[in-house]
Amino acid sequence: MKQLASFLTMGALFASANLAYAQQWSDTRSQGDWGGRDRACSQGSQPDPNKCRPEYRGQVAVCWANRRTGECGGATAWCTYKTVGLTTPQSGSNPGRVYYCGDLGRITKRVSICHGEHAKKVTNYDPFRDQDPHGCDDHGGWTEHEGCSGGGANPAASGQAHCGDQLWTVETNYPSVSGNACGYSWFTINCWSGR
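Draft legend 1. Expanded view of the layout of surface pockets. Computed from the structure, the largest pocket encloses a volume of approximately 460 Å³. Lining the largest pocket are 26 residues, with Q31, Q90, P155, V170 and T172 positioned closest to its centre. Secondary-structure elements contributing two or more residues to the lining of the largest pocket are β1 (25-32), α2 (155-163), β8 (167-177) and β9 (184-192). The element that contributes the greatest number of residues to the lining of the largest pocket is β8, accounting for six residues. Looking at the lining of the largest pocket residue by residue, the class counts come to 13 nonpolar, 12 polar and one charged.

Draft legend 2. Inspection of the pairing of strand β4 (residues 78-85) at higher detail. Most of β4 is tucked away: seven of the eight residues are buried. Across five bridges, the pairing between strand β2 (residues 38-43) and β4 is antiparallel. Across the sheet, residue A40 finds its bridge partner in β4, namely Y81. Across five bridges, strand β3 (residues 59-64) lies against β4 in antiparallel orientation. The residue of β4 that forms the bridge with V62 is T80.

Draft legend 3. Inspection of the pairing of β9 at higher detail. Most of β9 sits inside the fold, with nine of its nine residues counted as buried. On β9, burial covers both faces: Y184, W186, T188, N190 and W192 on one face and S185, F187, I189 and C191 on the other are all buried. Direction of pairing for strand β6 (residues 107-115) relative to β9: antiparallel, over a ladder of eight bridges. Each residue of the ladder has a partner; that of V111, found in β9, is I189. Pairing analysis gives eight bridges linking β8 to β9, with the strands arranged antiparallel. Residue W168 lies in a different strand from β9, and its bridge partner there is C191.

Draft legend 4. Examining the confidence of the model for the protein chain more closely. Mean pLDDT over the protein chain stands at 83; residues scoring 70 or higher make up 80%. When the elements of the protein chain are averaged for pLDDT, helix α1 (residues 2-19) gives the smallest value, 41, and β3 the largest, 97. Between residues 4-20, whose pLDDT stays under 50, and residues either more than four places distant or in other chains, the model counts one contact.

Draft legend 5. Highlighting the nonpolar core. W34, V60, L86 and L104 are the most contacted members of the largest nonpolar core, which has 14 residues in total. For this core, the secondary structure elements donating two or more residues are β3, β4 and β5 (96-101). Looking at this core, the element that brings in the most residues is β3, giving three residues. Among residues more than four places away in sequence, those in contact with V60 are W25, W34, T80, Y81, K82, V84, G85, L86, V98 and Y99. Grouped together as the second largest cluster of nonpolar side chains are nine residues, W25, C52, Y81 and Y99 included.

Thresholds applied
Residues numbered from 1 in each chain as written. Predicted model: local features only at pLDDT ≥ 70, side-chain atom pairs only at ≥ 80, totals over all residues. Heavy atoms only, no water. 1 Å grid on protein atoms, 1.4 Å probe; cavity = no way out; pocket = protein on both sides within 12 Å on 5 of 7 lines; lining within 4 Å. Points joined across faces, edges and corners; volume = space filled by probe spheres on them. Helix = DSSP H or I, 4+ residues; strand = E, 2+ residues; numbered from the N terminus. Nonpolar A, V, L, I, M, F, W, Y, C, P; charged D, E, K, R; others polar. Buried < 20%, exposed > 50% of the residue type's maximum accessible area, 1.4 Å probe, protein only. Pairing = 2+ DSSP bridges. pLDDT = per-residue confidence, 0-100. Contact = heavy atoms within 4.5 Å. Core = buried A, V, L, I, M, F, W, Y, C linked by side-chain atoms within 4.5 Å.

Take a look at the structure:
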């Protein structure tokens, strides 16, 4: 009977040790990349659950299904684990699927934004007078226009403005185009309830 009790105690200890790592990756449903700041990598297009331990809570993983670079053992499908959080300004040039170590909760607010000089296309376009004919209405679906304020789109500033202290992610809706004073970008900010 003592052996059975000892075995059960060992089993409970093992189970509680595994619960210490029982965080999980949350799919942000967005693309992104942060240059450098890698702490590890794993092969496969889904993040490794063992790379989402309590000490990594709040950090991100970026995963690719088809990106061969010679990194991560030459894998085509692989993930890299970053030492940055979701709201850290992105600096990478190879966007992949972004995962968050922790519970994102649910989306509490979605704001679809067009950042550009003109909300409407330039009517009666004159190439000698107008820089180009683009306008935010090149694409539909956006609900808020952000005009030019000293440069191109800044999704980090938009996320902070719309979500405050909440976690937020950015989804690119359409490829950006250059033109007029600051170009045009279409993206959606998602504010999340989790921490």
